[in-house]
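Listed below are the residues making up each chain.
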Amino acid sequence: MTEPVDIVVAARPRPGDISSSPSRSIDKRIATLDTIAAVLPIDRRDELAELLTDQDVETLRHLVNEGMGANTLRALTSDLAYLQAWSLAATGKSLPWPAPEALLLKFVAHHLWQPEQRAIDPHHGMPSDVEQSLRDQRFLRSSGPHAPDTVRRRLASWSTLTRWRGVDGAFASPALKSAIRLAVRATPRPRKRKSAQAVTGDVLAKLLATCSTDSLRDIRDRAILMVAFASGGRRRSEIAGLRRDQLIVEPPIFVEASPPLPSLAIHLGRTKTSGSEHDEIVYLTGRPVDALNAWLVAGKIETGSIFRKIDRWGNVSKRALEPSAINQIVKQRAALAGLESGEFSAHGLRSGYLTEAANRGIPLPEAMEQSRHRSVQQASSYYNNATRRSGRAARML
């Protein structure tokens, strides 16, 4: 849940003013980024303060005040930092606003290229000095051309930031659209899921079996896995950011020939796909509620963030886990369960929830009510895969 943040940015220094020195300007950007980090966690604050301009930071501050979701802001900041680093390496200058069409085409040429052609022509694609600069700054890790979806997303972020500055860009130009279409056609890449393997019920059982002791870490991780899966496959950022005041105890659920099951509502507030005024709610029933309550008691979590760091001495921190830590927990538990950790990620809990729902014959609309998927096409893809794999059409012989 994103909380409102009051952000104050000091007036920009006048030429000749003592505060206009580079170090003072960087310090001011660091202070502003610190304030923004209340809703936009930034682990490279000092580096970003040197890379981004005053106007870049002002744009981000404006977006925060507009109430844009934390995940969207995080993605915009990441893309803006990459674009600035690329522009400085490729042209020696910061990004111009608006960017000319030629610069947009250069960006496409640097990121969507053919490895076969690079072997013939070393100047094809991203120049080696530009590539090395981005690697030195940790903006570039993989080799080869970028994924088309990554290029499109960064261009979309570039376009969004351009509009927020009150200027028009050439992002809709026929030349740019044609260049992207031809480049993508020339550099085919198989589409990969965020998690190669879905964490379905049987896989989840193996992960939970590694959380069998009374240690704080086992109790916490068991609650994370069960809550993330049972609440519809929540995104890792939603689990990491979960707070006590989002939990509402509901009346128990009565089941025939069984003790009443504890029930809990989780108020997600604004999510990645919901509107700014919409409060998304999902429900937990039974074992996941017991696991969550066990962690709240063991970790003495009475207020604030629910899932927190635990140091090597077993002390529970006041600081919430980072979203990336949820991913690491899934991988660590997969490794402990004897599974290939590289095949699993936090997103596997989300895809696994829908896949398991399909395997159990739960209607798609009912599953989507819990997962909060907005796209029937996206959610149904998991159902279609599960149905096709076990259906008669796959068992003709």
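So, how was this worked out
- Residues numbered from 1 in each chain as written.
- Predicted model: local features only at pLDDT ≥ 70, side-chain atom pairs only at ≥ 80, totals over all residues.
- Heavy atoms only, no water.
- Helix = DSSP H or I, 4+ residues; strand = E, 2+ residues; numbered from the N terminus.
- Buried < 20%, exposed > 50% of the residue type's maximum accessible area, 1.4 Å probe, protein only.
- Contact = heavy atoms within 4.5 Å.
- Areas by Shrake-Rupley, 256 points an atom, 1.4 Å probe, with all protein chains shown as cover.
- Salt bridge = Lys/Arg side-chain N within 4 Å of Asp/Glu carboxyl O.
- Pairing = 2+ DSSP bridges.
- Core = buried A, V, L, I, M, F, W, Y, C linked by side-chain atoms within 4.5 Å.
- Phe/Tyr/Trp six-rings, centres within 6.5 Å; stacked < 30°, edge-to-face > 60°.
- Lys, Arg positive; Asp, Glu negative; His and termini not counted.
- Polar contact = N/O pair within 3.5 Å; in protein donor to acceptor, adjacent residues only side chain to side chain.
- Axes fitted to C-alpha atoms, helices over the stretch in contact; angles between N-to-C directions.
- Left-handed = near helix turned anticlockwise from the far one by under 90°.
- Nonpolar A, V, L, I, M, F, W, Y, C, P; charged D, E, K, R; others polar.
- Expected span 1.5 Å × (residues − 1).
- pLDDT = per-residue confidence, 0-100.
- Parallel < 35°, antiparallel > 145°, perpendicular 65-115°, else oblique.

1. Overview of the overall build of the protein
Regarding its fold elements, the protein presents 17 helices and five strands. Among the 397 residues that make up the protein, the fraction classed as buried is 43%. Sequence separation of 24 or more characterises 62% of the internal contacts of the protein that already satisfy a separation of 6 or more. Just so you have it, the protein exposes about 21500 Å², and 52% of that area is on carbon and sulfur atoms.

2. Description of the pattern of salt bridges
By the definition in use, this model includes ten salt bridges. When the shortest N-O distance is used, the salt bridge between Arg 333 and Asp 221 registers 2.8 Å. Remark: Asp 221 occurs in helix H11 (residues 216-230) and Arg 333 occurs in helix H14 (residues 323-336); sequence separation between them is 112 residues. Pair check on accessibility: Arg 333 and Asp 221 agree, each one buried. A salt bridge links Arg 360 to Glu 356; the shortest N-O distance between them is 2.8 Å. Judged by relative accessible area, Arg 360 falls into the exposed class, the value being 62%. Taken together, the shared-partner salt bridges in this structure form one network comprising Asp 218, Arg 220, Asp 221 and Arg 333.

3. Topic: the pairing of strand E5 (residues 316-320)
Relative to E5, strand E4 (residues 308-310) runs antiparallel, the two sharing two bridges. Each bridged residue has a counterpart across the sheet, and for Ile 310 the counterpart in E5 is Val 316. Between E4 and E5, which pair antiparallel and follow one another directly, the connecting turn spans five residues, one of which, Gly 314, has a positive phi of 85 degrees.

4. As for the nonpolar core
Leu 225, Ile 266, Leu 292, Trp 295, Ile 306, Phe 307 and Leu 349 are the most contacted members of the largest nonpolar core, which has 44 residues in total. Considering each element in turn, this core owes the most residues, eight residues, to H11. Excluding anything up to four places from it in sequence, Leu 292 contacts Ala 223, Val 227, Leu 247, Leu 264, Leu 284, Ile 306 and Phe 307. Counting 35 residues, the second-largest nonpolar core is a separate cluster that includes Val 57, Ala 99, Leu 140 and Leu 161.

5. So, the packing of aromatic side chains
In this structure the tally under the stated criterion is six aromatic pairs. With a centroid separation of 6.3 Å and an interplanar angle of 80 degrees, the aromatic rings of Tyr 82 and Phe 139 are classed as edge-to-face. Placement of Tyr 82 in helix H4 (residues 70-91) and of Phe 139 in the loop between helix H7 (128-136) and helix H8 (148-164) is noted, with a sequence separation of 57 residues between them. Classification of Tyr 82 by relative accessible area gives buried; the value is 1%. Feature note: the residues Trp 86, Phe 107, Trp 158 and Phe 171 constitute an aromatic cluster, connected by ring pairs.

6. Focus on the side chain of Arg 350
With respect to the secondary-structure elements, Arg 350 resides in helix H15 (residues 347-359). Glu 238 provides the closest opposite charge to the buried, salt-bridge-free Arg 350, at an N-O distance of 5.4 Å. For Arg 350, the side chain forms a polar contact with the main-chain oxygen of Gly 233, separated by 2.8 Å.

7. Brief notes about the packing of H11 against helix H13 (residues 287-298)
At a minimum axis distance of 8 Å, the contact between H11 and H13 shows a crossing angle of 145 degrees. Here the hand of the crossing between H11 and H13 comes out left-handed. Together, Leu 216, Ile 219, Arg 220, Arg 222, Ala 223, Met 226, Val 227 and Ala 230 of H11 and Arg 287, Pro 288, Ala 291, Leu 292, Ala 294, Trp 295 and Ala 298 of H13 make up the contact between the two elements. For the contact of H11 with H13, the class distribution of residues is twelve nonpolar, no polar and three charged.

8. Observations concerning H11
The end-to-end C-alpha distance of H11 is 21 Å, a good match for the 21 Å that 15 residues give at a rise of 1.5 Å each. Burial analysis of H11 places eleven of its 15 residues in the buried class, which makes it a mostly covered element. Regarding H11, the residues found buried are Asp 218, Ile 219, Arg 220, Asp 221, Ala 223, Ile 224, Leu 225, Met 226, Val 227, Ala 228 and Phe 229. Count one or two residues on from H11 and you reach Gly 232, which has phi positive near 105 degrees.

9. Focus on unusual backbone geometry
Note that the residue after Trp 97, namely Pro 98, is joined by a cis bond; omega there is 0 degrees. In this structure, Arg 138 is a non-glycine residue whose phi angle is positive, near 65 degrees. Structurally, the position occupied by Arg 138 is in the loop between H7 and H8. Looking at Arg 138, the relative accessible area reads 40%, which means it is partly exposed.

10. Overview of the confidence of the model for the protein
Regions with low pLDDT should not have their predicted coordinates read in detail. Residues of the protein with pLDDT of at least 70 account for 75%, and the chain-wide mean is 80. Confidence scores differ between elements of the protein, with helix H17 (residues 376-390) showing the lowest mean pLDDT of 61 and H13 the highest of 96. Low confidence marks residues 1-20, where pLDDT is under 50. Its contacts with residues over four positions away, or in another chain, come to 34 contacts. Counted against residues more than four places away or in other chains, residues 38-42, with its pLDDT under 50, gives 15 contacts.

11. Concerning the packing of H11 against H14
When two helices pack together, their arrangement is captured by the angle between the axes and the distance separating the axes. For the pair H11 and H14, the least separation of the axes is 11 Å and the interaxial angle reads 105 degrees. Looking at the two axes, H11 sits roughly perpendicular to H14. Two secondary-structure elements touch here, H11 through Arg 217, Asp 218, Arg 220, Asp 221, Ile 224 and Leu 225 and H14 through Ile 326, Ile 329, Val 330 and Arg 333.

12. Description of the environment of Gly 232
Positionally, Gly 232 belongs in the loop between H11 and helix H12 (236-240). Here Gly 232 falls in the buried class, since its relative accessible area comes to 0%. Sequence separation between Gly 232 and Glu 369 is 137 residues; the distance between their C-alpha atoms is 8.3 Å. Leave out the neighbours within four places in its chain, and Gly 232 touches Arg 350, Tyr 353, Gln 370 and Ser 371.

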